[in-house]
Amino acid sequence: MISLPELTFVGILPALLLCAAGVVILVVGWFLRRGVLVVSCAVGIVGIAAALIANNPLRFANDSAFSNMLAVDAYSWFLNIVILIAAGLTILMSVRYLEDEGIAMYEYFVLVLFAAAGMMFMVGGDHILMIYIGLETLSISIYILAGGLPESVKSKEAAMKYLILGGFASGMFLYGAALLFGAAGTLSLTGLAKHFQAGQVGLLAKAGMGLILVGFCFKVSAVPFHMWTPDVYDGAPTPLTAFMSVGVKAAAFAAFVRVFFEALTQFQVDWTQILWALAVLTMILGNVAAVVQENIKRMLAYSSIAHAGYILIGMIAGGKAGISGVLYYLLAYTFTNLGAFGIVALVGRKGEARIMLKDYRGLGNSNPLLAVAMSIFMFSLAGIPPTAGFIGKFTIFSAALAQGYIWLVIIAVLTSIVSVFYYFRVIMKMYMETPETQPAALQLSPATAAALIISTAGVLYIGIFPTTYLGLALESVKPLF
Amino acid sequence: MAESYFPIMVILLLSAFIGVAIVALSTLLGRNRPSEVKLMPYECGMDPIGDARRRFSVRFFLTGMLFIIFDIEIIFLYPWAIIYDKLMFFGFVEMLIFVAILAVGLAHVWKKGALEWE
């Protein structure tokens, strides 16, 4: 007879709260005409705050729920926080953007919340199918959102490209999962680990591992699976690009690390070699291609590819040091990139007309505070102290050095130097050049201002006082080892 | 063991007999006046032979997607109904929440005018 599994909702409560907030926004949207965007934003923020509180018990748990489908542990706790921060800041930045663009689309917030819930299932998934469901929930929401600008052909193109390539990557992932199932007879991560520890590591399992790796590399936009990134980041609405570049990356890396370090440790020698090559390619291509971009959204897209390469180094180094470096890097990158894209959204003005690098000329005069914030974000992306980006790179590189990956670190540092050029170009434009006609100063709405203040403060705070956060990251990776 | 399958064999034989009987009787007894429409695989609905690159109205896809959503709801309802005596009130509330969420979806679709044909 069927016996009911024990149900513990602690693990999924944060995601449930996000879904509930999404449903409430849908219902509220039927009755409100004016101010629907502000109300939806408020409901979304309340939902995210509630989810943050509900997320706390996970920190001290080390458990699994729903017949081992979901892990309830500190690792999920840390990454859930990253995801919630990303979703919250995205929602705050989006209100003004949507109002300016004249899009009264409250479903936007619903989809952001659902995507965040999907990310949480991906982060917590202890079973490859659970991870896949989380991946699809988040991908489908993002496909719709990427095409969200009604008048823009570029936005439709972005959605279409992302849908087709994303579907292809999902197919690869599923094929890999099927091969792993064929080799081990289970898809639960602990079950896979047990099976491979028993010594049966065949070609079938290796092929499955390779295909799953391709699926994840697509989502984190590592070279050579990065082709979609510049076009999609460029075409999508800017606040959403911010969300994609940090949220999707964080969730994909989280699941990537969990699958590979929990289930596929027996293949570590194999996949470390593959990742080594991918990381080198990703860092070189991302940074070199970013140098020639004139469009700041495309430049940040290539920079996001390059950062995926740095995070891969953390995975290659492995161990507690490497993976906690990955977690810290993801947190730092979340604040930094959200802030940078927030300013890109603001400077872009109506219809995203001003997204070229030359549009940043004279920003230091017209909006001194914004220019300072943008400089801080660029410093952090380039990895210059005292910002969070520096500590992130430092932790990851030193973990790799400790494992003896000297050449990898040398390449990483050299490509970082290349990246300084294009990040500083933005700062140069803002302070050293003057435009032919000075546009009117930008006005910030309270929500946007709050989002930018939080991200700037985050970048500086966890950069200047990193010890606590590095400690938390180190504590959070314990369940994996 | 084998006798527990006996009713199934009866059903198989019976349905085979009825199937053959209907076709045989109507060929033997009925008057045979074929026309082009009568000989088509499906007498009503879509024309089965034509250009493969015929265009469908995009509305069909919308309706199709909505259909799938509610189809999946039914698929969830079946296993739920089978173990309902174990789930009891808890299961009832769970399913109520699930159906309520789908109802919100349906209402949203309705409100947005996706159910209007024109």
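Treat the numbers as computed from the prediction; the structure is a model and nothing was measured.

**Q** Quick one: what's the story with the overall build of chain B, residue by residue and with numbers?
**A** Of the regular secondary structure elements, chain B holds three helices and zero strands. Element order for chain B, N to C, with α for helix and β for strand: α-α-α. Its C-alpha atoms give chain B a radius of gyration of 24 Å, more than 25% over the compact-globule value 13 Å for 118 residues. Its C-alpha atoms give chain B principal-axis dimensions of roughly 60 × 55 × 25 Å. Within chain B, buried positions represent 0% of all 118 residues.

**Q** Kindly report on the overall build of chain A, identifying the contributing residues and their values.
**A** Of regular secondary structure, chain A possesses 19 helices and two strands. Radius of gyration (C-alpha) of chain A: 21 Å, near the 23 Å computed for a compact globule of 481 residues. Along the first, second and third principal axes, the C-alpha atoms of chain A reach 70 × 55 × 40 Å. Looking at chain A residue by residue over its 481 residues, the buried ones come to 58%.

**Q** Describe in detail the packing of helix 15 (residues 368–382) of chain A against helix 18 (residues 446–464) of chain A, supporting the description with residues and values.
**A** Residue and element names in this part refer to chain A. Packing of helix 15 against helix 18 leaves a shortest axis separation of 10 Å and a crossing angle of 40°. Taken as axis vectors, helix 15 and helix 18 run oblique relative to one another. The element helix 15 and its partner helix 18 pack so that their crossing is left-handed. Residues Ala373, Ile376, Phe377 and Ser380 of helix 15 form the contact with helix 18, whose own contacting residues are Leu452, Thr456, Val459, Leu460 and Gly463. When its residues are assigned to classes, the contact of helix 15 with helix 18 shows six nonpolar, three polar and no charged.

**Q** Go over the pairing of strand 2 (residues 70–73) of chain A with me, naming the residues and quoting the values.
**A** Residues and elements named next belong to chain A. Side chains Leu70 and Val72 of strand 2 all project onto a buried face; the interleaved residues Ala71 and Asp73 project onto the opposite face, where all are buried too. Pairing between strand 1 (residues 62–65) and strand 2: four bridges, direction antiparallel. The residue of strand 2 that forms the bridge with Ser64 is Ala71. Adjacent in sequence and paired antiparallel, strand 1 and strand 2 are bridged by four residues, among which Phe66 carries a positive phi angle near 55°.

**Q** Quick one: what's the story with the interface of chain B and chain A, residue by residue and with numbers?
**A** Taken together, the contact between chain B and chain A spans six residues of the former and six residues of the latter. For the side of chain B that touches chain A, a count of residues per class yields three nonpolar, one polar and two charged.

**Q** Before we move on, can you summarise the nonpolar core with the specific residues and values?
**A** Proteins that are soluble and globular tend to have nonpolar side chains buried together. All names here are of chain A. Residues Ile83, Ala116 and Ala251 are the most contacted members of the largest nonpolar core, which totals 187 residues. Of all the elements, helix 3 (residues 74–101) adds the most residues to this core, at 19 residues. With residues near it in sequence (within four places) discarded, Ile83 still touches Ala116, Met119, Met120, Val123, Gly247, Ala250 and Ala251.

**Q** Talk me through helix 3 (residues 84–111) of chain B; I want residue IDs and the actual numbers.
**A** Residues that lie three or four places apart on an α-helix share one face, since the helix turns once every 3.6 residues. All names here are of chain B. With 28 residues, helix 3 extends only 33 Å from end C-alpha to end C-alpha; this falls clearly short of the ideal 40 Å at 1.5 Å per step. A bend of about 70° at Phe90 is the largest found in helix 3. Of the residues one or two after helix 3, Gly113 is the one with positive phi, at around 80°.

**Q** Report on the environment of Ile453 of chain A, specifying residues and quantitative values.
**A** With respect to the secondary-structure elements, Ile453 of chain A resides in helix 18. Residues Ile453 of chain A and Ala54 of chain A, spaced 399 residues apart in sequence, show a C-alpha to C-alpha distance of 25 Å.

**Q** An account of the packing of helix 1 (residues 13–31) of chain A against helix 2 (residues 36–55) of chain A is needed here, citing residue identities and associated values.
**A** Residues and elements named next belong to chain A. Where helix 1 meets helix 2, the closest approach of the two axes is 8 Å, and the angle between their N-to-C directions is 165°. Put simply, helix 1 runs roughly antiparallel to helix 2. Considering the relative orientation of helix 1 and helix 2, their crossing is right-handed. Packed against helix 1, whose contacting residues are Leu13, Pro14, Leu17, Leu18, Ala20, Ala21, Val24, Ile25, Val28 and Gly29, the element helix 2 presents Val36, Val39, Ser40, Val43, Gly44, Val46, Gly47, Ile48, Ala50, Ala51, Ala54 and Asn55 at the interface. Of the residues belonging to the contact of helix 1 with helix 2, the class tally is 17 nonpolar, five polar and no charged.

**Q** Lay out helix 3 of chain A with the relevant residues and their values.
**A** Residue and element names in this part refer to chain A. Its 28 residues give helix 3 an end-to-end C-alpha distance of 40 Å, which sits within 8% of 40 Å, the value for a rise of 1.5 Å per residue. Counting buried positions along helix 3 gives 26 out of 28 residues, so the element sits mostly inside the fold. Looking at the residues trailing helix 3, positive phi occurs at Gly102, about 70°.

**Q** Can you break down unusual backbone geometry residue by residue, with the values?
**A** All names here are of chain A. The step from Val223 to Pro224 runs through a cis peptide bond, and the omega angle for that step is 5°. In this structure, Pro224 sits in the loop between helix 8 (203–219) and helix 9 (228–235). Even without being glycine, Phe66 reaches a positive phi, approximately 55°. Here Ser67, not a glycine, exhibits a phi torsion of approximately 50°, which is positive.

**Q** I'd like a rundown of the confidence of the model for chain B, residues and numbers included.
**A** Regions with low pLDDT should not have their predicted coordinates read in detail. Residue and element names in this part refer to chain B. Averaged over all residues, the pLDDT of chain B equals 84, while 97% of them reach at least 70. Put simply, helix 2 (residues 58–82) is where chain B has its lowest mean pLDDT, 85, and helix 1 (residues 6–29) is where it has its highest, 93. This prediction of the complex comes with two scores: 0.89 for pTM and 0.78 for ipTM.

Procedures and definitions
Residues numbered from 1 in each chain as written. Chains lettered and ligands numbered in written order. Predicted model: local features only at pLDDT ≥ 70, side-chain atom pairs only at ≥ 80, totals over all residues. Helix = DSSP H or I, 4+ residues; strand = E, 2+ residues; numbered from the N terminus. Rg over C-alpha atoms; globule rule 2.2 N^0.38 Å. Buried ≥ 20, exposed ≤ 12 C-beta atoms within 10 Å, placed from the backbone. Axes fitted to C-alpha atoms, helices over the stretch in contact; angles between N-to-C directions. Parallel < 35°, antiparallel > 145°, perpendicular 65-115°, else oblique. Left-handed = near helix turned anticlockwise from the far one by under 90°. Contact = placed C-beta atoms within 7 Å. Nonpolar A, V, L, I, M, F, W, Y, C, P; charged D, E, K, R; others polar. Pairing = 2+ DSSP bridges. Core = buried A, V, L, I, M, F, W, Y, C linked by C-beta atoms within 7 Å. Expected span 1.5 Å × (residues − 1). Bend = angle between axes of the 7 residues up to and from the residue. pLDDT = per-residue confidence, 0-100.

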